[in-house]
Structure formats: C-alpha cells, structure tokens
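Examination of the molecular architecture
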Amino acid sequence: MIRFLQKIIGFLAMSVVFYLVFTTTYSQIPALEKRWNQGIPNWISESSFSLKMDDFESFCASIKGKNVNLILGSSTALHGINPEILGENWYSLASRGQNPFVTDIVLNIAESTCEKHLIGVDTVLIDIYPEICQEWVFKKADALEHLALTAQISDILLHTTSIFQDGGIRRIHNAISFRLNNTDNPNRVRATNARGYQAMFNTGHNEQFKVPWKEDAHQFCLQSIAALDSKNKTTIFVNPPVLHQNHLNELRNQLKSSISAPWLDANTNHHFKDSTLFFDDHHLNDDGATHYTHWIKSNFALH
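Residues numbered from 1 in each chain as written. Predicted model: local features only at pLDDT ≥ 70, side-chain atom pairs only at ≥ 80, totals over all residues. Heavy atoms only, no water.

Another point: the overall build of the protein chain. For the protein chain, the count of helices and strands is 14 helices and five strands. Counting only residues that meet the buried cut, the protein chain has 50% of its 303 residues in that class. Considering only contacts in the protein chain between residues 6 or more positions apart, those separated by 24 or more positions represent 80%. Carbon together with sulfur atoms contributes 56% to the accessible area of the protein chain, which is approximately 15,100 Å² in total. (Helix = DSSP H or I, 4+ residues; strand = E, 2+ residues; numbered from the N terminus. Buried < 20%, exposed > 50% of the residue type's maximum accessible area, 1.4 Å probe, protein only. Contact = heavy atoms within 4.5 Å. Areas by Shrake-Rupley, 256 points an atom, 1.4 Å probe, with all protein chains shown as cover.)

A few words on the environment of Met 53. When you line up the elements, Met 53 lands in helix H3 (residues 49-62). A residue is classified by how much of its surface remains accessible, and Met 53, at 3% relative accessible area, is buried. Through-space distance from the C-alpha of Met 53 to that of Gln 152 is 8.6 Å; in sequence the pair is 99 residues apart. With sequence-adjacent residues up to four places away left out, Met 53 is seen in contact with Leu 93, Ile 109, Ala 110, Thr 113 and Asp 155.

What follows concerns the packing of aromatic side chains. Applying the stated criterion across every chain yields a total of nine aromatic pairs. When the centroid spacing of 5.2 Å and the interplanar angle of 20° are considered together, the rings of Phe 101 and Phe 220 count as stacked. One end of the pair, Phe 101, is in helix H6 (residues 100-116); the other, Phe 220, is in helix H12 (residues 219-229), with 119 residues separating them in the sequence. Overall, Phe 101 belongs to the buried group, its relative accessible area being 13%. For Phe 220, a relative accessible area of 26% translates into the label partly exposed. Feature note: the residues Phe 56, Phe 59 and Tyr 91 constitute an aromatic cluster, connected by ring pairs. Just above the ring of Trp 136 sits the side chain of Lys 214; from NZ or CZ to the centre is 4.9 Å. (Phe/Tyr/Trp six-rings, centres within 6.5 Å; stacked < 30°, edge-to-face > 60°. Lys NZ or Arg CZ within 6 Å of the ring centre and 35° of its normal.)

Below, the discussion takes up the packing of H6 against helix H8 (residues 142-150). Contact pair H6 / H8: the axes reach a minimum separation of 9 Å and the direction vectors enclose 30°. With respect to their mutual orientation, H6 and H8 come out roughly parallel. Of the two elements, H6 crosses H8, and the hand of that crossing is left-handed. Contacts between H6 and H8 involve Phe 101, Val 102 and Ile 105 from the first element and Ala 143, Leu 144 and Leu 147 from the second. (Axes fitted to C-alpha atoms, helices over the stretch in contact; angles between N-to-C directions. Parallel < 35°, antiparallel > 145°, perpendicular 65-115°, else oblique. Left-handed = near helix turned anticlockwise from the far one by under 90°.)

Before going further, it helps to spend a moment on the sheet that holds strand S5 (residues 263-265). Strand order in the open sheet made by the five strands is S2-S1-S3-S4-S5, with parallel pairing throughout. Only two strands of the sheet have a single partner each, and these edge strands are strand S2 (90-92) and S5. Neighbouring strand axes in the sheet, compared pairwise and without regard to direction, differ in orientation by 20° on average. In the sheet, strand S1 (residues 68-72) pairs with S2 via three bridges, with the strands oriented parallel. Paired with Asn 69 across the strands is Trp 90, a residue of S2. In this fold H6 packs onto S1 and strand S3 (121-127), with an angle of close to 160° to the strand it touches most, S1. (Pairing = 2+ DSSP bridges.)

Taken N-terminus to C-terminus, the directions of H6 and H12 make an angle of 45°; their axes are 7 Å apart at the nearest point. Comparing the axis directions of H6 and H12 gives the class oblique. Contact residues: H6 offers Pro 100, Phe 101, Thr 103, Asp 104 and Leu 107, while H12 offers Phe 220, Cys 221, Ser 224, Ile 225, Ala 227 and Leu 228. Of the residues that constitute the contact of H6 with H12, the class distribution is eight nonpolar, two polar and one charged. (Nonpolar A, V, L, I, M, F, W, Y, C, P; charged D, E, K, R; others polar.)

For the rest of this paragraph, the subject is the pairing of strand S4 (residues 234-239). Taking burial as the measure, the six residues of S4 include five buried ones, the bulk of the element. Examined bridge by bridge, S3 and S4 share five bridges and lie parallel to one another. The residue bridging Leu 125 from the neighbouring strand is Ile 236, located in S4. In this sheet, S5 lies alongside S4 in parallel orientation, the contact comprising three bridges. Each residue of the ladder has a partner; that of Phe 237, found in S5, is Trp 263. Read as a crossover between parallel neighbours, the route from S4 over helix H13 (residues 248-253) to S5 is right-handed. (Right-handed = clockwise from strand over helix to strand, strands pointing away.)

This part takes up the pairing of S1. Of all five residues making up S1, five are buried, and the element is well covered by its neighbours. The side-chain alternation of S1 yields two buried faces, one formed by Val 68, Leu 70 and Leu 72 and the other by Asn 69 and Ile 71. In terms of strand pairing, S1 meets S3 through four bridges, oriented parallel. Note that in S3 the partner of Leu 70 across the bridge is Val 124.

In structure tokens, the structure reads:
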C-alpha cells in the first residue's frame, strides 16, 4: 500500500512538472499560446488588478484613519469618473468589463483592505452600464478572467467559487499559465496618482463596435444590484452617458425588487449628447469625464 501511494505521489509530481514545463514552453510560440489559452481578453496583459490594489492599499495608509469613498463599475466609470474631482478620500476601483456581480466581489476585497488599515467605506458610487449586464456579455466573463489572472492569490482564495464559476479547469489553467509567463509585461498599465482613474484622449469621436442590446440581463447581475443596494453604507447608482440608445429602463424593469438607493441617469441631460465629450459611443474622453464628474458631484453634494 505504501509503495502504491509513493507511485501515485511520484506520478502526480511528474505530471505537475510536465504541465509547468509545457505551459512555459508553448507560451513562447504564439500559435500554440492562442490555441491553449482560450478565453483570455486581449487587454488583460495591459491591466493588473493586484497592482491597482497595491496602489489602493497605499492610498488607505495615506489618508490617516479617514474612511474612503469608492467608485466601482466598468470601463465607463474607469474612464468617465475622476475621483480627484469628487474629493480627497475618493478612489476608483472600476475596471474593464466589471459587471455588478464582479463589482460586489471587488467591494468585498476593498472592504477587507480597509479593515487592515482600521478604516471603513462611507460612500460607494456604482456605475451600471446596462449593456454589460446582458446575459450574452456576462457569459464572456472578461472581468472574472481579469480577477483570476491578475488578482492577489489571497484575494482570490476568499472568492474562489465566484471567480472560477463556469470557467472551471480552463480558467484555472489560464490563471496558472498567465502568472508563469506575464510577470514582467512592459505594456502593463501601472497605477498612478490619479487614484485609479484612467483618462481617454481628447480626440474626436471614434467609431467602435457597438454592443447590441438583446434585453435579457443575467440573473447574477440583477441579484448583485439588489445586494449592493442593501449594503449598510451610502450607495449611489449612476447610469453613464452614452451616444447610443439608453437601456436603463429596460434593465430596471427586470429587477425583481425595488431599489432604495438613488439612481442618477446622465442620459437625461442633453449636455452629454455632445460627441466632442466622447472617445467613442459609450466612453467619455478626459474633458467629458471632467464635466460628468462635476455633474455627479453637484447632484449629490459629494465631498
């Protein structure tokens, strides 16, 4: 029996070694890497959640015991809401593809970081871009891949079920492979003193693939919006300005429970139909983000 167990352990050890060598080798051959690392969004190598959390942790340490205020949501918040305009205690943990389900995970990670510094979270400004809540967009799981591949292992362990659900062995493989072979990417976006905000160029409006509206929101997104609304803190939902048709009403009609938190829709303001404020049809440029953030601040007297 002991010899049998030794053989099993030896076989498993050799399998792990073979897997690691194979993974490292094929990553050097583009054709093989594309075949074996399927499902990884092409922008992930330029973005690191762990680097952003390192910067957020430094921010928490720097505010000397004051509570923080957070901006969460997808790229419409990442490029559209400037925390420095909202006030000195604001930080953006928005990220590309971040739907409400992932927002809930990121908020939990942020709260754990704040607890380490003996501070809390006061106000949470949550960007809800209806298109990203759709069933077919959710199943692409870009934001979950982003966490699986670039978040700290300690953060992943606390949310393993959520992060790896539906991705299974493939996402675990992608996470291991990416971490082995992307440790020193010079193109990775580094955290800056902009507190998580990433400005888009003030160029003219760029044509981009439009995200079609197919109406059905993923159940996890709807449940997460309700869960975020029930958090024991000040929560504000915002619907970002877009140049295409706004689908906030269709999304809200699918929510099974009423939302008690205020929900600000920027598309009711005709000022945000000016294409010179946009990088593309749903991302503001830096000038647009400045106008939009001041508008949010004036509507809720944020500080």
